[in-house]
Amino acid sequence: IAKTAFNSGDMAKAAMYGEKALELEDEEIEISDFLLLAYEKGGFYAKYLEMADDFIEYNTENSRTGSTAGILFRKRVIYLTYTGEGDAGAEALEQALKEGFKDKEELYDLYTNRELLNISDIREIIDESGLIKGYNPEADSDDEKGDGESNSSGESSESTASSAE
């Protein structure tokens with residue numbers, strides 16, 4: 001029922017039924033991932049942040065780090081765009097990168113978002129990671145690997161991310 005509500009766009013029902021399933025289900029990981037997504041898409045940011053912290057703690061205690069980096073990255077989005085907590089957003093970004101978050105497209109979108117809090121700090125963190133150096137979202141997949149080849153405009157892909165400012 002929770003997934004049906006989610007697919008129909010009713011995040012309140014998806015979250016409600018997801019919470020009930022979490023209470024009854026042994027397979028906590030899959031339901032937790034689903035609930036986090038429903039909270040985020042539904043705008044239930046306080047619940048997302050609370051559950052994300054619990055989920056990260058659970059993963060750490062059980063040596064499960066697979067989805068931790070993605071959760072930390074999404075926490076960053078919430079802190080920097082919805083709650084007004086720029087310092088917490090920068091910290092969550094640093095943690096996500098430390099945990100292995102490597103999605104170049106999402107990092108590039110963050111880097112080029114001019115409406116973020118602490119934008120200079122965020123850009124510095126991303127620059128230090130080196131993950132989007134040379135990334136050009138419009139280039140083909142070979143250029144996205146940051147090999148420094150020229151893109152269709154003749155510009156070196158090395159300069160693309162830094163020129164996005």
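Computed from a predicted structure; not experimentally measured.

Novice: So what's going on with the nonpolar core? Which residues, and what values?
Specialist: Ranked by internal contacts, the top residues of the largest apolar core, which has 34 residues, are Tyr 48, Leu 93, Leu 107, Leu 110, Ile 122 and Ile 126. With seven residues, the single largest contributor to this core is helix H5 (residues 68-83). Apart from residues lying up to four places away in sequence, Ile 126 is in contact with Leu 93, Leu 107, Leu 110, Tyr 111, Leu 131 and Ile 132. The next biggest cluster of nonpolar side chains, apart from the first, holds seven residues, and it includes Ala 2, Phe 6, Ala 14 and Ala 38.

Novice: How would you sum up the packing of H5 against helix H7 (residues 104-112)? Please name residues and give values.
Specialist: At a minimum axis separation of 12 Å, H5 and H7 run at an interaxial angle of 15°. The angle between the axes of H5 and H7 places the two elements in the roughly parallel class. In the packing of H5 onto H7, the handedness of the crossing is left-handed. For the pair H5 and H7, contact is made by Phe 73, Arg 76 and Leu 80 and by Glu 106, Leu 107 and Leu 110, respectively. Considered class by class, the residues forming the contact of H5 with H7 number four nonpolar, no polar and two charged.

Criteria and cut-off values
Residues numbered from 1 in each chain as written. Predicted model: local features only at pLDDT ≥ 70, side-chain atom pairs only at ≥ 80, totals over all residues. Heavy atoms only, no water. Core = buried A, V, L, I, M, F, W, Y, C linked by side-chain atoms within 4.5 Å. Buried < 20%, exposed > 50% of the residue type's maximum accessible area, 1.4 Å probe, protein only. Helix = DSSP H or I, 4+ residues; strand = E, 2+ residues; numbered from the N terminus. Contact = heavy atoms within 4.5 Å. Axes fitted to C-alpha atoms, helices over the stretch in contact; angles between N-to-C directions. Parallel < 35°, antiparallel > 145°, perpendicular 65-115°, else oblique. Left-handed = near helix turned anticlockwise from the far one by under 90°. Nonpolar A, V, L, I, M, F, W, Y, C, P; charged D, E, K, R; others polar.

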